[in-house]
Amino acid sequence: LLAAGVGDGSCVILRGEGNRLVEIGRLGYDEGGHGSAVAAVCFPGFGSSASTTKATNSVEAEDRLLISAGNDSKILFWDLGGNMVDGDALDPLR
């Protein structure tokens with residue numbers, strides 16, 4: 001997955017399909033997002049070292065976490081599996 005911050009305050013979520021990027025969702029103000037331009041986005045990858053065990057399912061949960069920072073002085077944490085965009089959950093494993 002790829003996330004991009006946009007000047008209208010939204011975060012666009014993209015997925016690679018072949019040799020092109022396809023938008024699979026947009027997290028904006030109506031979903032509790034930023035009130036001004038998004039300055040940075042990050043998939044943090046906590047615990048993605050070799051010591052991470054599959055038994056805790058931490059890798060799967062972390063794939064869904066996105067952090068965004070905006071010019072509105074907010075830092076937001078998004079659960080891509082829990083946020084509804086266009087009536088469908090964003091599922092990075094789909």
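Reading the values: the criteria
Residues numbered from 1 in each chain as written. Predicted model: local features only at pLDDT ≥ 70, side-chain atom pairs only at ≥ 80, totals over all residues. Heavy atoms only, no water. Salt bridge = Lys/Arg side-chain N within 4 Å of Asp/Glu carboxyl O. Helix = DSSP H or I, 4+ residues; strand = E, 2+ residues; numbered from the N terminus. Buried < 20%, exposed > 50% of the residue type's maximum accessible area, 1.4 Å probe, protein only. Contact = heavy atoms within 4.5 Å. Core = buried A, V, L, I, M, F, W, Y, C linked by side-chain atoms within 4.5 Å. Pairing = 2+ DSSP bridges. Axes fitted to C-alpha atoms, helices over the stretch in contact; angles between N-to-C directions.

### So, the pattern of salt bridges
When the charged atoms of two side chains lie near each other, side chains of opposite charge can form a pair. Counted according to the given criterion, the structure contains three salt bridges. Put simply, arginine 26 and aspartate 8 hold a salt bridge, and the shortest N to O gap is 3.8 Å. Of this pair, arginine 26 sits in strand S3 (residues 20-27) while aspartate 8 sits in the loop between strand S1 (2-5) and strand S2 (11-17), and the two are 18 residues apart along the sequence. Its relative accessible area of 32% is what places arginine 26 among the partly exposed residues. Of the charged contacts, one joins arginine 26 and glutamate 23 as a salt bridge, the two residues approaching to 3.5 Å between their closest N and O atoms. Classification of glutamate 23 as partly exposed rests on a relative accessible area of 43%. Salt bridges sharing partners connect three or more residues here, namely Asp8, Glu23 and Arg26.

### Overview of the side chain of serine 10
Residue position: serine 10 is located in the loop between S1 and S2. Setting aside residues no more than four positions away along its own chain, serine 10 makes contact with Ala4, Gly5, Arg26, Leu27, Gly28 and Val38.

### Let's talk about unusual backbone geometry
The residue serine 73 is not glycine, and still its phi comes out positive at about 70°. Counting through the fold element by element, serine 73 comes out in the loop between strand S5 (65-70) and strand S6 (75-79). What makes serine 73 exposed here is its relative accessible area of 71%.

### Examining the nonpolar core
Note on soluble globular proteins: their nonpolar side chains tend to be buried together. Core analysis: the largest hydrophobic core is formed by nine residues, namely Ala3, Cys11, Ile13, Leu27, Val38, Leu66, Leu76, Trp78 and Leu80. Listed by contribution, the elements that provide at least two residues to this core are S2 and S6. The contacts of leucine 76, once residues within four sequence positions are left out, are Gly32, Gly33, His34, Leu66, Ile67 and Ser68.

### Topic: the environment of glycine 16
Examined against the element boundaries, glycine 16 turns out to sit in strand S2. Each C-alpha atom, one on glycine 16 and one on leucine 2, is 8.0 Å from the other, the two residues being 14 residues apart in sequence.

### So, the pairing of S2
Bridge count for S1 against S2 is four bridges, and the pairing is antiparallel. The residue of S2 that forms the bridge with leucine 2 is leucine 14. Hairpin connection of S1 to S2: five residues between the antiparallel strands, including glycine 9 at a positive phi of 95°. Remark: two residues form the turn of the hairpin made by S2 and S3, two consecutive strands paired antiparallel; glycine 18 in that turn has positive phi of roughly 70°.

### Thoughts on the sheet that holds S5
Taken together, three strands build an open sheet; the order of strands is S4-S5-S6 and the sheet is antiparallel. The sheet is open, and its two borders are formed by strand S4 (38-42) and S6, each paired with just one other strand. Direction aside, the axes of adjacent strands within the sheet are offset by 20° on average. Here S5 runs beside S6; their pairing, made up of five bridges, is antiparallel. Bridging across to S6, alanine 69 finds its partner in isoleucine 75.

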